[in-house]
Amino acid sequence: MQKYDVTKTAIKTFSQPEHEIALQTNDLHVYYGDHEQIKGVALQFERYKISAIIGPSGSGKSTYLRALNRMNDEIQSAKVTGSIMYRDLDVNSPQVDVYEMRKHIGMVFQRPNPFAKSIYDNIAFALRRHGTKKKAALDEIVEKTLQQAGLWKEVKDSLSKSALALSGGQQQRLCIARALALKPDILLLDEPASALDPISTSVVEDTLTQLKKDYTLIVVTHNMQQAARISDYTAFFYDGYALEYGATNQIFTQPELKATNDYISGHFG
Ligand SMILES: Nc1ncnc2c1ncn2[C@@H]1O[C@H](COP(=O)(O)OP(=O)(O)O)[C@@H](O)[C@H]1O
Ligand SMILES: [Mg+2]
């Protein structure tokens with residue numbers, strides 16, 4: 001049941017040419033069977049920025065994020081319409097090589113899911129599969145991505161130890177390093193810190209802030225303080241709509257819509 005007028009949606013696109021767009025959805029709909037869960041979302045994500053997606057539980061944040069690199073393909077009942085433009089490719093087109101596309105648009109999940117392998121092999125595994133076999137090249141990428149993920153100093157002397165022996169926060173940073181190893185352009189993160197304690201959360205947030213130098217990040221979070229701390233732009237999702245989108249500072253201090261204001265001030269969610 002909708003409490004708010006969903007027809008009054010605010011600015012969702014950037015008009016200024018200085019904003020380089022890394023990814024853009026147009027009239028994106030996601031259906032689970034007959035149920036329409038995402039209802040025509042048009043959003044642009046700026047390159048080398050962090051965009052946060054916030055909104056109440058069940059508003060469709062994860063469904064939308066999963067659409068961006070075709071993770072919904074794995075859900076039988078899910079159907080996605082509309083376009084997802086990445087460079088001049090429509091990610092949603094049936095011609096797209098999904099495996100190849102996901103090297104460019106990677107994903108990190110809510111629960112850290114390292115492989116039951118060594119720290120080193122968690123990163124090297126996919127690289128080997130993609131054809132990097134030389135030890136020197138693997139060593140270099142393992143070190144570089146662990147540095148980028150803010151984990152190198154903690155693990156450089158224990159690369160052969162099992163990843164499962166790491167703390168939750170370290171495991172999540174390892175999963176970020178693993179995603180970075182394939183040199184993605186865009187990284188999608190679904191509540192990447194929600195399973196972590198406050199200290200690990202803060203370390204992961206710092207890591208994400210560092211990463212935007214080289215990557216475009218789209219982060220789903222139910223933690224509004226987190227969105228306010230780390231993101232440049234925030235989209236507020238409500239009942240399958242991207243109701244309001246803009247600079248994070250503006251969304252959190254002067255939202256245009258009553259729904260956004262009620263949500264950020266804790267009236268529902
Ligand atoms: N695999 C699925 N099959 C059917 N319905 C689903 C599935 N995943 C999510 N949904 C439906 O979509 C709604 C929105 O879910 P989700 O995108 O996970 O929202 P959020 O991440 O904002 O909490 C859920 O309440 C559920 O009804
Ligand atoms: Mg979710």
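Rules of the game
- Throughout, a residue's number is its position along its own chain's written sequence, starting from 1.
- Both sets of labels track the order of writing: A upward for chains, 1 upward for ligands.
- Given that the model is predicted, a residue must reach a pLDDT of at least 70 before its local features are reported, and side-chain atom pairs must reach 80 or more before they are shown or counted; all residues, however, enter totals for whole chains, interfaces and linings.
- Only hydrogens and water are set aside when side-chain values are computed; all heavy atoms of the structure are taken into account.
- Numbering of helices and strands starts at the N terminus; helices are DSSP runs of H or I of at least 4 residues and strands are runs of E of at least 2.
- Radius of gyration: C-alpha atoms only; globule rule: 2.2 Å multiplied by the number of residues to the exponent 0.38.
- Buried residues are those whose accessible area, probed at 1.4 Å on protein chains only, stays under 20% of the maximum for their type, while exposed residues exceed 50% and partly exposed ones sit between those limits.
- Working rule for contacts: check all heavy atoms of both residues, and any pair within 4.5 Å makes them a contact.
- Using a 1.4 Å probe, the Shrake-Rupley method yields the accessible areas, and only the shown protein chains count as cover for residues.
- Each pair of aromatic rings taken from Phe, Tyr and Trp, with Trp reduced to its six-membered ring, is defined by centres within 6.5 Å and is described as stacked if the planes are under 30 degrees apart, edge-to-face if over 60, and tilted in the remaining cases.
- Strands pair, by our definition, only if DSSP identifies at least two bridges between them.
- Helix axes use the C-alpha atoms of the stretch in contact, all axes being lines fitted to C-alpha atoms, and the angles between their N-to-C directions lie in the range 0 to 180 degrees.
- Near is defined per residue: the residue qualifies when any heavy atom it owns lies within 4 Å of the molecule or strand.
- A 3.5 Å cut-off defines polar contacts: any pair of N or O atoms within that distance qualifies, except that in protein one atom must be a possible hydrogen donor and the other a possible acceptor, and neighbouring residues in sequence count only when both atoms are side-chain atoms.
- The salt bridge definition used is simple: a Lys or Arg side-chain nitrogen within 4 Å of an Asp or Glu carboxyl oxygen.

- An unreviewed UniProt entry annotates the chain as Phosphate ABC transporter ATP-binding protein originating from Loigolactobacillus backii.

1. Here we look at the overall build of the chain
Here comes step 1: Regarding its fold elements, the chain presents 10 helices and 10 strands.
Here comes step 2: The C-alpha atoms of the chain give a radius of gyration of 19 Å, which matches the 18 Å a tight globule of 269 residues would have.
Here comes step 3: Each principal axis of the C-alpha atoms in the chain carries an extent, and together these give about 55 × 45 × 40 Å.
Here comes step 4: The 269 residues of the chain split such that 53% are buried.
Here comes step 5: For the chain, the share of sequence-separated contacts (at least 6 apart) that also reach a separation of at least 24 residues comes to 69%.
Here comes step 6: Within the structure as shown, the chain displays about 12700 Å² of accessible surface, and the carbon and sulfur contribution to it stands at 50%.

2. Looking at the packing of aromatic side chains
Here comes step 1: Within the structure shown, the criterion is met by 11 aromatic pairs.
Here comes step 2: Between the aromatic rings of Y64 and F237, the centroid separation amounts to 5.1 Å while the plane-to-plane angle is 55 degrees, which identifies the pairing as tilted. Separated by 173 residues along the polypeptide, Y64 in helix α1 (residues 61–68) and F237 in strand β9 (residues 233–238) bring together distant segments of the chain.
Here comes step 3: Here Y64 falls in the buried class, since its relative accessible area comes to 0%.
Here comes step 4: Exposure remark for F237: the relative accessible area of 0% places this residue in the buried category.
Here comes step 5: For the pair Y233 and Y245, a centre-to-centre distance of 6.3 Å together with 50 degrees between the ring planes defines the contact as tilted.

3. Focus on the pairing of β9
Here comes step 1: Burial within β9 is extensive, with 6 of its 6 residues counted as buried.
Here comes step 2: The alternating pattern of β9 places Y233, A235 and F237 and T234, F236 and Y238 on opposite faces, both of which are buried.
Here comes step 3: Where strand β3 (residues 50–54) lies against β9, 4 bridges are found, and the strand directions are parallel. By the bridge assignment, I54 is partnered in β9 with F236.
Here comes step 4: Two strands pair when backbone bridges link them, and β9 and strand β10 (residues 241–247) are joined in this way by 6 bridges, in the antiparallel orientation. Bridging from a neighbouring strand, T234 pairs with G246 of β10.
Here comes step 5: Adjacent in sequence and paired antiparallel, β9 and β10 are bridged by 2 residues, among which D239 carries a positive phi angle near 50 degrees.

4. Quick look at the sheet that holds β3
Here comes step 1: Strands sit in the order β6-β7-β8-β3-β9-β10 across an open sheet of 6 strands; the sheet is mixed. Looking at the sheet topology across the chains shown, the edges are occupied by β6 (105–108) and β10. Each strand axis lies, on average, 20 degrees off the axis of its neighbour in the sheet, ignoring direction.
Here comes step 2: Direction of pairing for β3 relative to strand β8 (residues 216–220): parallel, over a ladder of 4 bridges. If you follow I53 over to β8, its bridge partner there is V220.
Here comes step 3: On top of the sheet, α1 reaches β3, β6, β7 (186–190), β8 and β9; it is set at about 155 degrees to β7, its chief contact.

5. Quick look at the site of ligand 1
Here comes step 1: Lining the immediate surroundings of ligand 1 are Y32, Q37, P56, S57, G58, S59, G60, K61, S62, T63, R66 and I75.
Here comes step 2: A distance of 2.8 Å is found between an oxygen atom of ligand 1 and a side-chain nitrogen or oxygen belonging to K61.
Here comes step 3: Bound to the protein, ligand 1 loses 61% of the 560 Å² it would expose on its own.

6. Details of the pattern of salt bridges
Here comes step 1: Scanning all chains against the criterion turns up 14 salt bridges.
Here comes step 2: Its salt-bridge partner being D139, residue K135 comes within 2.8 Å of it at the nearest N-O pair. Here K135 and its partner D139 are both found in helix α4 (residues 135–148), 4 residues apart, which amounts to about one turn of the helix.
Here comes step 3: For K135, a relative accessible area of 57% puts it in the exposed group.
Here comes step 4: The partner of K212 in a salt bridge is D232, with the nearest N and O atoms 3.1 Å apart. Note that K212 is positioned in the loop between α7 (198–211) and β8 and D232 in the loop between α8 (224–230) and β9, a separation of 20 residues in sequence.
Here comes step 5: Of the residues examined, D232 reaches a relative accessible area of 22% and is grouped as partly exposed.
Here comes step 6: Each of E20, R47, R87 and D185 takes part in a single network of salt bridges with overlapping partners.

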